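Each chain, letter by letter, is given below.
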Amino acid sequence: MSILVNKDSKVIVQGFTGNEGTFHAGQMIDYGTNVVGGVTPGKGGSEHLGKPVFNTVAEAVEKAHANVSIIFVPPAFAADAIMEAAEAGIKVIVCITEGIPVEDMVKVKNYISNKDCRLIGPNCPGIITSDEAKIGIMPGFVFKKGKVGIVSKSGTLTYEAADQVVKAGFGVSTAIGIGGDPIIGTTTKEAIEMFINDPETEAVVMIGEIGGNLEAEAAKWYSASGSKKPVVGFIAGQTAPKGRTMGHAGAIVGGEDDTAQAKMEIMRKNGIHVVDSPADIGKTVAKVLA
């Protein structure tokens, strides 16, 4: 089983005919993702990569029955693209775009709060259900079907964790790159909760970063849930200087509680198997599932 997306998901690409949209849509189609078309205003009625192009998301929903969207739209227009998808009834919205102004994301969060949709990202690698659907920019060949869920703020560490889990003989059910911006759609806790409730995911890898309190929230929820499903955790940024943004816009230490060390301590206290190095993720998964 998977969470959020599978082989039956009907996917559209917003920003379909641009360079990024074209390249990654092609990769998604090659992986076997059910891409039913794309949206580029003004190019509706044409074809691209053998798929129909629509002027609006509403048209794509009406004509192609799309229920998942991935967004490759420049930062100035990305917030509007997310809200358009939500308004049209798209259930899972994946926003890859980096550099969306925080003020825009505040409006997006408020707008989608009463919509029946889930936003992944922005500034994320997307979501993949192994051997079924890749809605993102991750290297699909790394992911093989299995029973370990992955939730990560970091793109590259998502792929690293997946590679280790697969090589350890377990494979990946679904992997979610939630994004590293200060304001994102789906939190670590929400992703962990979905994996804990998925009967075919037997363990979860949780990769966090310095800054914010998402990992602490997730750890406390996990402890309170009473779940026996093991969670393996890692926090990136252990050598980061205080007060310095590191990579992601959200990766900035604001106080004592959002350093890597503080987060790792909270995670350990709440029953998570914390590793000090990302190189130990695979072997720790093997240990907790033995």
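These numbers come from a predicted model, not from an experiment.

What is the right way to look at the domain arrangement of the protein in this model?
Reports often express the size of an interface as the amount of accessible area lost when the parts come together. By domain assignment, the protein separates into domain 1 (11-120) and domain 2 (138-289). Relative to domain 2, the C-alpha centre of domain 1 lies at a distance of 26 Å. Contacts between the two partners involve eight residues from domain 1, matched on the other side by 11 residues from domain 2. Between domain 1 and domain 2, the buried area comes to about 910 Å², and carbon and sulfur atoms account for 59% of it. Our enumeration of links across domain 1 and domain 2 arrives at one salt bridge. One salt bridge in this structure joins glutamate 190 and arginine 118, with 3.5 Å as the shortest N-O distance. There are four residue pairs in polar contact (both at pLDDT 80 or more) connecting domain 1 and domain 2. Mapped onto the side of domain 1 that touches domain 2, the elements with two or more residues apiece are helix 4 (102-112) and strand 7 (118-120). Broken down by element, the side of domain 1 that touches domain 2 gets its largest block of residues, four residues, from helix 4. Taken together, the residues of the side of domain 1 that touches domain 2 sort by class into six nonpolar, no polar and two charged.

Is there a simple way to explain the pairing of strand 5 (residues 68-71) in this structure?
Regular strands place side chains that alternate from one sheet face to the opposite one. What you see with strand 5 is no split at all: Val68 and Ile70 on one side and Ser69 and Ile71 on the other are buried throughout. Two strands pair when backbone bridges link them, and strand 1 (residues 11-14) and strand 5 are joined in this way by four bridges, in the parallel orientation. By the bridge assignment, isoleucine 12 is partnered in strand 5 with serine 69. As paired elements, strand 5 and strand 6 (residues 92-95) share four bridges and run parallel to each other.

For this particular structure, what's the right way to read the UniProt feature "domain: CoA-binding" (unreviewed entry) in the protein?
The sites that UniProt annotates as "domain: CoA-binding" (unreviewed entry) are residues 4-100. The straight-line gap between the two end C-alpha atoms of residues 4-100 is 24 Å; of that span, 36% is helix and 24% is strand.

Just checking my understanding: could you explain the pattern of salt bridges for this structure?
Enumeration over the complete set of coordinates arrives at 12 salt bridges. One salt bridge in this structure joins glutamate 215 and lysine 153, with 3.1 Å as the shortest N-O distance. Of this pair, glutamate 215 sits in helix 7 (residues 214-225) while lysine 153 is found in the loop between strand 10 (145-152) and helix 5 (155-167), placing the two residues 62 residues apart along the sequence. In this structure, glutamate 215 and lysine 153 share a single accessibility class: buried. Ionic pairing is found between lysine 263 and glutamate 215, a salt bridge with its closest N-O pair at 2.4 Å. With lysine 263 in helix 8 (residues 260-269) and glutamate 215 in helix 7, this pair connects stretches of sequence that are 48 residues apart. Summarising the burial analysis for this pair, lysine 263 and glutamate 215 share the class buried. One continuous salt-bridge network, built from bridges that share partners, spans Lys153, Glu215 and Lys263.

Conventions used here
- Residues numbered from 1 in each chain as written.
- Predicted model: local features only at pLDDT ≥ 70, side-chain atom pairs only at ≥ 80, totals over all residues.
- Heavy atoms only, no water.
- Domains from an automatic or database assignment.
- Contact = heavy atoms within 4.5 Å.
- Buried area = accessible area lost by both parts, 1.4 Å probe.
- Salt bridge = Lys/Arg side-chain N within 4 Å of Asp/Glu carboxyl O.
- Polar contact = N/O pair within 3.5 Å; in protein donor to acceptor, adjacent residues only side chain to side chain.
- Helix = DSSP H or I, 4+ residues; strand = E, 2+ residues; numbered from the N terminus.
- Nonpolar A, V, L, I, M, F, W, Y, C, P; charged D, E, K, R; others polar.
- Buried < 20%, exposed > 50% of the residue type's maximum accessible area, 1.4 Å probe, protein only.
- Pairing = 2+ DSSP bridges.
- UniProt positions renumbered as here; feature names shortened; annotations may be inferred.

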